[in-house]
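# Examination of the molecular architecture
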Amino acid sequence: MIRVGQGIDVHAFEESRPLILGGVRIADSGGLAGHSDADAVLHAITDALLGAAGAGDIGHYFPSDDPKWKGADSSRFVREAKRIIDEMDADIANIDVTIIAQKPKLAAHVAAMRARIAALLDLSPGRVNVKATTTDHLGFVGRGEGICAMAIVALTTDTGASPVEGAL
Ligand code: MG
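Structural notes, computed from the coordinates.

Cut-offs used in this document
- Residues numbered from 1 in each chain as written.
- Predicted model: local features only at pLDDT ≥ 70, side-chain atom pairs only at ≥ 80, totals over all residues.
- Heavy atoms only, no water.
- Donors = N, O, S within 2.8 Å, 3.2 Å for Na, K, Ca; no water.
- Helix = DSSP H or I, 4+ residues; strand = E, 2+ residues; numbered from the N terminus.
- Pairing = 2+ DSSP bridges.
- Contact = heavy atoms within 4.5 Å.
- Axes fitted to C-alpha atoms, helices over the stretch in contact; angles between N-to-C directions.

## Considerations on the coordination of the magnesium ion
Around the magnesium ion, the protein supplies Asp9 (OD), His11 (NE2) and His43 (ND1) as donor atoms, at distances of 2.1 to 2.2 Å. Spacing between the donor residues of the magnesium ion along their common chain follows D-x1-H-x31-H. Taken together, the residues span a long stretch of sequence, with histidine 11 in strand 1 (residues 2-14) and histidine 43 in helix 1 (residues 40-53) at a distance of 32 residues.

Structure (C-alpha cells):
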C-alpha cells in the first residue's frame with residue numbers, strides 16, 4: 001500500500017535573521033521571518049509527512065502562537081512527524097522537494113540539504129531529492145519578498161492504516 005502527502009510553506013524575508021533551509025544554515029543574514037527558525041523546507045516536509053500519514057498538519061502539533069516553539073529548530077518538527085510514521089509502521093519511500101526562490105542562489109547548498117534531510121529521517125540520501133527554481137521574476141517570489149517550499153512524500157505501509165484512524 002502506498003500513501004502520498006504534500007506540503008507547502010511560504011515565509012517572507014527578514015533581513016536580520018540567518019537563512020536556514022533544509023536544516024542547513026545558508027547565510028548569516030537575509031533569512032526568513034517566522035515564529036520558529038522559519039525553515040520553510042523543513043516545514044513543507046513536515047506537512048507532507050503528516051499528510052501522508054493522515055495525521056493533520058504542522059500547526060496542529062506546533063502552533064505558531066505557542067511560546068514553546070519560538071525560535072525552535074524545525075528539525076524537531078520533522079522528527080515528530082517521523083515518530084508518527086514509525087508508529088504506523090510505515091516506511092518513507094522517497095521525498096521530493098522544490099524550493100522556489102528568486103534569491104539567493106541555492107544550487108551550491110542542495111547536496112547539503114539533501115544529506116541533512118536524509119539524516120533527520122534515517123534515510124539514504126538517494127531517497128531525498130531537493131530542487132531549486134525561480135519564478136523568472138514573477139510574483140512575490142520573483143520580487144524577492146519571500147521563499148516558497150513544496151514537498152511530496154510517498155510512504156509504503158502494509159495495512160495503509162493511519163495512526164489517527166477513528167480519532168478525527
Ligand atoms: Mg512555516
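## Comments concerning the sheet that holds strand 7 (residues 146-157)
The five strands lie next to each other as 4-1-7-5-6, forming an open sheet whose pairing is mixed. Each of the sheet's edge strands pairs with one partner strand only, and the pair in question is strand 4 (31-32) and strand 6 (128-133). Strand direction decides the pairing type here: strand 5 (residues 90-100) and strand 6, joined by six bridges, are parallel. Within strand 6, the residue paired with threonine 98 across the bridge is lysine 131. Along the sheet, helix 1 makes contact with strand 1, strand 4, strand 5 and strand 7, crossing strand 1 at roughly 155 degrees.

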